[in-house]
Each structure stands twice: as C-alpha cells, then as structure tokens.
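# What the coordinates show
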Amino acid sequence: MFVGSLYVKVSLGYILFFILSSFLRDVFYFIPYISLYHIRHKKTAVYNKIYPSFFAVNLLHYKKCQSVMKNYRYRKDDHTMGKIFKFGQDVDTDQIIASQYIIYPTIDEMKVHTFESLDTEFASQVQPGDYVVASENFGCGSSREQAPTVLKALGVKAVVAKSFARIFYRNAINIGLPVIVCKELYDNVNAGDEMVLSMQEGIVRVNGKEYECTKLPAYMQGILDQGGLIASLNRE
C-alpha cells in the first residue's frame, strides 16, 4: 500500500515537473523577443522593474534576436516593390563610382557620388529596396570592389542585367549585393517603373507581366542572406 502510494506521488511529481519545465522553457524562449521590443522602444527602465529576474537573460539574447529579426525582414522583403533605375550597356565601374572618389575614407562619403557621370540625381533619389536594371556587360572595367559596395550602401536591393562583367559579379556576391541575370527585362521596362523580384522563384514582376531570371542556387542564396561571402566565412 505504501509502495503504491509512493509510486503515485512520484509519478504526479514527475508530471508536474515536466509541465513546469516546459512552461519555463517557453517563457525563456519568448521573453527575449519581447525584451527586444522594449529595448528598441526605450522602455528598458520600466521593463526592468516589472521583470527584474528576466532582464539580464534577455540582454544576453539581444544579439541573437537582432540576427533573427534581420533574417525575417530579409525573407519578408523578398516580394516588396521597388523603383527601377535604368542604365545602358557596358556600364563600367568608373561610371558607377569614379576613381577620384575611391580615395575617400568611408563608403558613406563615396556613395553620394554613385553614377554621378550618368545620373547626377541617382544617389539622392534612390531608396532602400529600389533596383538597378541594365543591359549587357554591367560592371566592366577595373576590379574595384567599391562599385558594388556603394550600391549596397545606398540600399539597392539588386542589380538585374542581361549580363555582368565577371569580376563585378564576384565582388557583388562577396559583399552581399544580389546580381541577377534576366535577358528579357531590360527591353520591356522603363526608368521609374515599379517591379518585384523574387530571387527564390527566379521571377521578376513588372507592369503586369512576369519575366524569368536566373534562380540563385540555395548555397548562394545562403551567402547573400548572411551579408555576402566574407561575412559567411567569418561566421563559420
């Protein structure tokens, strides 16, 4: 009788422990995301008074939360619409960012001169999520890596062209700027048109029509998700 009663008590204790541990696991999983909201909205002082026992743990998870939210935004933005900035054939890296500007100490100082010889208002008009569309051999000329870097710094979501110069293509992937080959797009769009690019599907949608483009392999998509090849290797 005593053994049976002890067995029941132990079993109930185990069940209660399992339920409690599962609850605490869920709490510690979700609390960092809640704290990220409060931290970003400058409510840390109030939050610290309400949840003092969790606050230190939340700060430890802050960087992890930032990474998760960044990747979420990237996936969400995969189907957002952006404006087209259209350029022609054989656009070289000196036209993207002229040699006299690459001596500037920071990318922020360089980027305001992007496409200066082709479109003096490009740097002031382009918005994060917009696209550069070009004809053949985009990025030819010198191998300066500042050319794709200034485009990314201005928020250009992707460069879509009929073809790319090999070195520019490599440099763009290295720094995390998507470069997409689409043979038919250039001749069927105008500057200022709004378009949507789905890199995972390999589809461009603009003016009610769809155009097939190069679908990035999964490993290359992963490199871009992490901010480029250099950033990807640094994380390994």
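Values in this document were obtained by computation on a predicted structure and should not be read as measured data.

A few words now on the overall build of the protein. A tally of helices and strands in the protein yields 11 helices and seven strands. Counting across all 236 residues of the protein, residues that qualify as buried make up 39%. Just so you have it, the protein exposes about 14000 Å², and 59% of that area is on carbon and sulfur atoms.

Here we come to the pairing of strand S6 (residues 203-206). Every regular strand shows the same layout, with side chains that alternate between the two sheet faces. Both strand S5 (residues 194-198) and S6 contribute to a ladder of four bridges, which runs antiparallel. Along S6, the bridge assignment pairs Val-196 with Arg-205. The hairpin turn running from S5 into S6, its antiparallel successor, is four residues long, and Gly-202 in that turn takes a positive phi close to 75°. Relative to strand S7 (residues 209-212), S6 runs antiparallel, the two being bridged by four bridges. If you follow Arg-205 over to S7, its bridge partner there is Glu-210.

What follows covers the packing of aromatic side chains. Tallied over the entire structure, the rule returns 10 aromatic pairs. For the ring pair Tyr-101 and Tyr-104, a centre distance of 5.7 Å and an interplane angle of 65° mean the geometry is edge-to-face. An aromatic cluster is defined as three or more aromatic residues linked by ring pairs; in this entry it consists of Phe-85, Phe-87, Phe-115, Phe-122, Phe-138, Phe-164, Phe-168 and Tyr-169. Against the face of Tyr-186 rests Lys-86, its NZ or CZ located 4.3 Å from the ring centre.

Attention shifts here to the nonpolar core. Counting residues in hydrophobic clusters, the biggest one holds 52 residues, and the most contacted among them are Phe-122, Phe-138, Leu-151, Phe-168, Leu-185, Met-195 and Leu-197. When sequence neighbours within four positions are dropped, the list of residues in contact with Phe-138 reads Val-91, Ile-96, Phe-115, Val-132, Leu-151, Val-159, Ala-161, Ser-163, Phe-164, Ala-165 and Phe-168.

Looking now at the sheet that holds S6. The seven strands are arranged S4-S3-S2-S1-S5-S6-S7 in an open sheet whose pairing can be described as mixed. The two strands at the open ends of the sheet, each matched to only one other strand, are strand S4 (179-181) and S7. Each strand of the sheet is rotated relative to its neighbour by a mean of 30°, with strand direction disregarded.

Burial in helix H8 (residues 146-153) covers these residues: Gln-146, Ala-147, Pro-148, Val-150 and Leu-151. Those residues of H8 that are buried lie in contact with helix H5 (93-96), helix H6 (107-111), helix H7 (122-125), strand S2 (131-134), strand S3 (158-161) and helix H9 (166-175). One or two steps after H8, the chain reaches Gly-155, where phi turns positive at roughly 95°.

On to H9, then. Within the span of H9, buried status applies to Phe-168, Asn-171, Ala-172, Ile-173, Asn-174 and Ile-175. The positive-phi residue at the C-terminal boundary of H9 is Gly-176, with phi of around 90°.

At a closest axis distance of 8 Å, the pairing of H8 and H9 adopts a crossing angle of 45°. The angle between H8 and H9 places the two elements in the oblique class. Considering only the axes of H8 and H9, their crossing is right-handed. Of the residues in H9, those in contact with Ala-147, Pro-148, Thr-149, Leu-151 and Lys-152 of H8 are Phe-168, Asn-171, Ala-172 and Ile-175. Among the residues making up the contact of H8 with H9, the classes are represented as six nonpolar, two polar and one charged.

Basis of the calculations
- Residues numbered from 1 in each chain as written.
- Predicted model: local features only at pLDDT ≥ 70, side-chain atom pairs only at ≥ 80, totals over all residues.
- Heavy atoms only, no water.
- Helix = DSSP H or I, 4+ residues; strand = E, 2+ residues; numbered from the N terminus.
- Buried < 20%, exposed > 50% of the residue type's maximum accessible area, 1.4 Å probe, protein only.
- Areas by Shrake-Rupley, 256 points an atom, 1.4 Å probe, with all protein chains shown as cover.
- Pairing = 2+ DSSP bridges.
- Phe/Tyr/Trp six-rings, centres within 6.5 Å; stacked < 30°, edge-to-face > 60°.
- Lys NZ or Arg CZ within 6 Å of the ring centre and 35° of its normal.
- Core = buried A, V, L, I, M, F, W, Y, C linked by side-chain atoms within 4.5 Å.
- Contact = heavy atoms within 4.5 Å.
- Axes fitted to C-alpha atoms, helices over the stretch in contact; angles between N-to-C directions.
- Parallel < 35°, antiparallel > 145°, perpendicular 65-115°, else oblique.
- Left-handed = near helix turned anticlockwise from the far one by under 90°.
- Nonpolar A, V, L, I, M, F, W, Y, C, P; charged D, E, K, R; others polar.

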